Amino acid sequence: MVSRPEPGDDVPDFLVEKFETEPAMKLSAISVFAEEEQRRSAVPQYVRNAFAVQDDTVRRAVGEYAGDLAEFLEAEGHETLSDVPEPEEGPPGETMGSAFYNPGRNPGDDDDDDDGMLGGLLGD
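Residues numbered from 1 in each chain as written. Predicted model: local features only at pLDDT ≥ 70, side-chain atom pairs only at ≥ 80, totals over all residues. Heavy atoms only, no water.

**Let's talk about the pattern of salt bridges**
Link 1 in the chain: Summed over the entire model, instances satisfying the criterion amount to 2 salt bridges.
Link 2 in the chain: A salt bridge links E20 to R4; its shortest N-O distance comes to 2.6 Å. With E20 in the loop between α1 (13-19) and α2 (24-35) and R4 in the segment before α1, this pair connects stretches of sequence that are 16 residues apart.
Link 3 in the chain: What makes E20 partly exposed here is its relative accessible area of 25%.
Link 4 in the chain: Using a relative accessible area of 30% as the deciding quantity, one classes R4 as partly exposed.
Link 5 in the chain: Residues R59 and D56 are paired through a salt bridge, measuring 2.2 Å at the closest nitrogen-oxygen approach. On the criterion of helical spacing, the pair formed by R59 and D56 is a turn pair, its members being 3 residues apart in helix α4 (residues 56-76).
Link 6 in the chain: With a relative accessible area of 13%, R59 lands in the buried category. (Salt bridge = Lys/Arg side-chain N within 4 Å of Asp/Glu carboxyl O. Helix = DSSP H or I, 4+ residues; strand = E, 2+ residues; numbered from the N terminus. Buried < 20%, exposed > 50% of the residue type's maximum accessible area, 1.4 Å probe, protein only.)

Next up, the structure:
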């Protein structure tokens, strides 16, 4: 499984949001458009408008991100990013709460029986 690309800091948030619903073919066209602005076929108008007011650094970053997204969608077999299922959360041992997770402990093994105050610690 290929990991989902993350946008760089130079990619505007509104484009990241718009790319969620674009198919791989359009994302590829956007990537090419970022390099060669004369190739406008299949490039949405909002991208052309955005590129008109952005500098070269932002256009390059957007082009790279769009290309990476297109490759990801094609490799994973999804139509758009909105079709990609959310990653499942791993077992508690793989999260920040792992200090409180003990997979070998039986929930019935608590020391809350009536041994007295130190009976469970010192033995009977």
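**Thoughts on α4**
Link 1 in the chain: Helix length check: α4 (21 residues) gives 30 Å between terminal C-alpha atoms against 30 Å at 1.5 Å per residue, within 8%.
Link 2 in the chain: Listed in full, the buried residues belonging to α4 are V58, R59, A61, V62, G63, Y65, A66, G67, L69, A70, F72 and L73.
Link 3 in the chain: Buried residues belonging to α4 abut α1, α2 and α3 (45-52).
Link 4 in the chain: At the exit of α4 stands G77, carrying a positive phi of roughly 75 degrees. (Expected span 1.5 Å × (residues − 1). Contact = heavy atoms within 4.5 Å.)

**Re a negative patch on the surface**
Link 1 in the chain: A cluster of like negative charges, contributed by E35, E64, D68, E71 and E74, occupies part of the molecular surface.
Link 2 in the chain: Per element, the largest residue contribution to the negative patch is 4 residues, and it comes from α4.
Link 3 in the chain: Considering the arrangement of structural elements, one finds E64 in helix α4.
Link 4 in the chain: The class for E64 is exposed, based on a relative accessible area of 53%. (Patch = residues over 30% accessible without salt bridge, like charges linked within 9 Å, V, L, I, M, F, W, Y side chains within 5 Å. Areas by Shrake-Rupley, 256 points an atom, 1.4 Å probe, with all protein chains shown as cover. Lys, Arg positive; Asp, Glu negative; His and termini not counted. Charge placed at Lys NZ, Arg CZ, Asp CG, Glu CD.)

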